[in-house]
Structure formats: structure tokens, C-alpha cells
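Analysis of the macromolecular model
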Amino acid sequence: MTINESIYISALKGGSYEAFSMLYKKYADILYSFAISQTKNKELSQDIVQETFLRLWKNRANLDSDGNIQALLFTIARHSIIDSFRKQIKQVEFEEYVKFYEHRLETSSSEEKIYYDEFIERFKRCKSKLSVRECEIFEMSREMNMPVGQIAEALKLSPQTVKNYITSSLKVFRQSLLKEQY
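Note on numbering: residues in each chain are counted from 1, in written sequence order. Under the rules for a predicted model, residues below a pLDDT of 70 receive no local features and side-chain atom pairs below 80 are neither given nor counted, while totals for whole chains, interfaces and linings still include all residues. By convention in this description, side-chain values take in all heavy atoms of the structure and omit both hydrogens and water.

Glancing now at the overall build of the chain. Each helix is a run of DSSP H or I of at least 4 residues and each strand a run of E of at least 2, with the numbering of both proceeding from the N terminus. Scanning the chain from N- to C-terminus turns up 9 helices and 0 strands. Reading the secondary structure of the chain in the N-to-C direction produces α-α-α-α-α-α-α-α-α. Counting all 182 residues of the chain, 35% fall into the buried class. Excluding contacts between residues fewer than 6 apart, the proportion of contacts in the chain whose partners are at least 24 apart in sequence is 61%. Per element, the accessible surface of the chain, about 11500 Å² overall, is 53% carbon and sulfur. Think of it in three bands: residues with accessible area under 20% of the maximum for their type are buried, residues over 50% are exposed, and the middle band is partly exposed, with areas taken using a 1.4 Å probe on protein chains only. We call two residues in contact when some of their heavy atoms are within 4.5 Å. Note on areas: Shrake-Rupley with a 1.4 Å probe; residue coverage comes only from the protein chains shown.

Take the packing of aromatic side chains next. The rule is short: rings of Phe, Tyr and Trp, with Trp giving its six-membered ring, pair when the centres are within 6.5 Å, and they are stacked under 30 degrees, edge-to-face over 60, tilted in between. Enumeration over the complete set of coordinates arrives at 5 aromatic pairs. For the pair Phe20 and Phe53, a centre-to-centre distance of 5.9 Å together with 90° between the ring planes defines the contact as edge-to-face. Of this pair, Phe20 sits in helix H2 (residues 17-39) while Phe53 sits in helix H3 (residues 42-58), and the two are 33 residues apart along the sequence. Overall, the relative accessible area of 19% leaves Phe20 in the buried class. Summarising the aromatic geometry, the rings of Phe34 and Phe74 are spaced 5.2 Å apart at their centres and angled 65° between planes, so their arrangement reads as edge-to-face. Of the two residues, Phe34 is situated in helix H2 and Phe74 in helix H4 (residues 69-90); the sequence distance between them amounts to 40 residues. The exposure class of Phe74 is partly exposed, given its relative accessible area of 22%. Following the ring pairs from residue to residue traces out a cluster consisting of Tyr17, Phe20, Tyr24, Phe53 and Trp57.

Another point: unusual backbone geometry. Despite not being glycine, Lys40 has its phi angle at roughly 60°, a positive value. Non-glycine residue Asn145 carries a positive phi angle of around 55°. Examined against the element boundaries, Asn145 turns out to sit in the loop between helix H7 (132-143) and helix H8 (148-155).

What follows covers the packing of H7 against H8. The geometry of H7 relative to H8 is characterised by a closest axis approach of 10 Å and an angle of 135° between their N-to-C directions. Overall, the two elements H7 and H8 adopt an arrangement that is oblique. Where H7 crosses over H8, the handedness of that crossing is right-handed. Mapping the contact onto sequence places Arg133, Glu136, Ile137, Met140 and Ser141 in H7 and Ile151, Ala154 and Leu155 in H8. Throughout this entry, Asp, Glu, Lys and Arg are counted as charged residues, while Ala, Val, Leu, Ile, Met, Phe, Trp, Tyr, Cys and Pro are counted as nonpolar. The remaining residues, Gly among them, count as polar. Across the contact of H7 with H8, the residue classes tally to 5 nonpolar, 1 polar and 2 charged. Axis geometry follows a simple rule: fit a line to the C-alpha atoms, using only the stretch in contact for helices, then measure angles between N-to-C directions, giving values from 0 to 180 degrees. Angle categories are assigned with fixed cut-offs, so that under 35 degrees is roughly parallel, over 145 is roughly antiparallel, 65 to 115 is roughly perpendicular, and the rest are oblique. It is the rotation of the near helix from the far one that decides the hand of a crossing: anticlockwise by less than a right angle makes it left-handed, clockwise makes it right-handed.

Here we come to the environment of Phe138. Within the secondary structure layout, Phe138 lies in helix H7. Judged by its relative accessible area of 1%, Phe138 is buried. Along the chain, Phe138 and Lys163 lie 25 residues apart, while their C-alpha atoms are 9.9 Å from each other.

To continue, consider the side chain of Ser80. Note that Ser80 resides in helix H4. Think of a polar contact as two N or O atoms within 3.5 Å of one another; within protein, one of them needs to be a possible hydrogen donor and the other a possible acceptor, and neighboring residues in sequence only count if both atoms come from side chains. Looking at Ser80, its side chain comes within polar contact range of the side chain of Arg55, at 3.5 Å. For Ser80, the residues in contact, after removing those within four places along its chain, are Ile48, Glu51, Thr52 and Arg55.

Before going further, it helps to spend a moment on H7. Across its 12 residues, H7 extends 15 Å between first and last C-alpha, which sits within 8% of the 16 Å expected from 1.5 Å per residue. What H7 keeps buried is the set Glu134, Cys135, Ile137, Phe138, Met140, Ser141 and Arg142. At the exit of H7 stands Asn145, carrying a positive phi of roughly 55°. Expected helix span is taken as 1.5 Å per residue step, with the number of steps being one fewer than the number of residues.

Honestly, that's just the spatial picture; any functional story needs more than this.
Next comes the structure, spelled out in C-alpha cells:
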């Protein structure tokens, strides 16, 4: 670590926006390259970089002035990448299921059609439990495949607010479907 970096870390601990900006300028591109190499997703990689620096800012008071800031940033980014992979694994992929069965409906058996119809009915019940705004954002995200940034812009909300709505919507779906043991 350079002397300048130690000064920036000390200033950041004190809440300096300038020090934060300097560290951001120095490490954002490097972290983005790391994230994109791991996720192969531009938007997710941008989110990971933002999340990394947000966590750095929130925990600035606990920084060690003599510590390795680059190692800390990469550790935070790595944990964010792992968290995003966990979310993807847990995420209920309704649209994939629906697309698959709509394609197969012509050749499927009557039993498969019954299961599909039952799934669609449960899906509609889950959607009815959402607020109007949650439903709107869920449909834009999952049914129209719009990215978070585009939804935020269209609805004049922050991207984090859109993410929060999506997360709460998916939680409702998971809880409802698990409750019905589907």
C-alpha cells in the first residue's frame, strides 16, 4: 500500500467524499473486470461494483488505515458475487417453466396439461397477493424481461427500490408456493 492510499483510507474513515471518490476511481474498473470475468453479466457486474463501494462506505469507520484496501475490496466483491449466485439458484424461474410448457402443450398428455393449468392458477393466486406496484414491477422484470435500470427509469424510481420490490415479490411467490408445497 502506498502512503497516499493510507492517507485516503484515514480520510475515508473520517467520512471524506473526496477520499472515497479517489478510491472509487482507482479500483472501480479493476473490480468491474473481476466481476465480469466471474459473472459474464455486464449489469450484474456493475451492481456488484456499486454494492462493493456501498459496503465500503457503510463500514468506513471500521477500516484499518494500514490495511490493504485492494484486498478488502476484492473480498467484498467476491462475497457479493457469491451472494448473487446464491440468489440466482434460489430464484423461482416461472417464465422458463411457462415458456417450456407452452411449447410442449401441443404434444403433451392431458395429465401434463392439468399440471400446467394448476401451476398457472397458483401463479395467478401468488400474483394477486402482490401490491399493485409490486405486481407492475414483477411483470416488467419477469414477464417482459426488462432490466432493473430500465424499469427504474420508466417508473421514476431508484434501481435499488426496483430491486427491493422484485425481492419482496419473489419472497411472496416462494412462501406461497412452499406453503402449497408446489
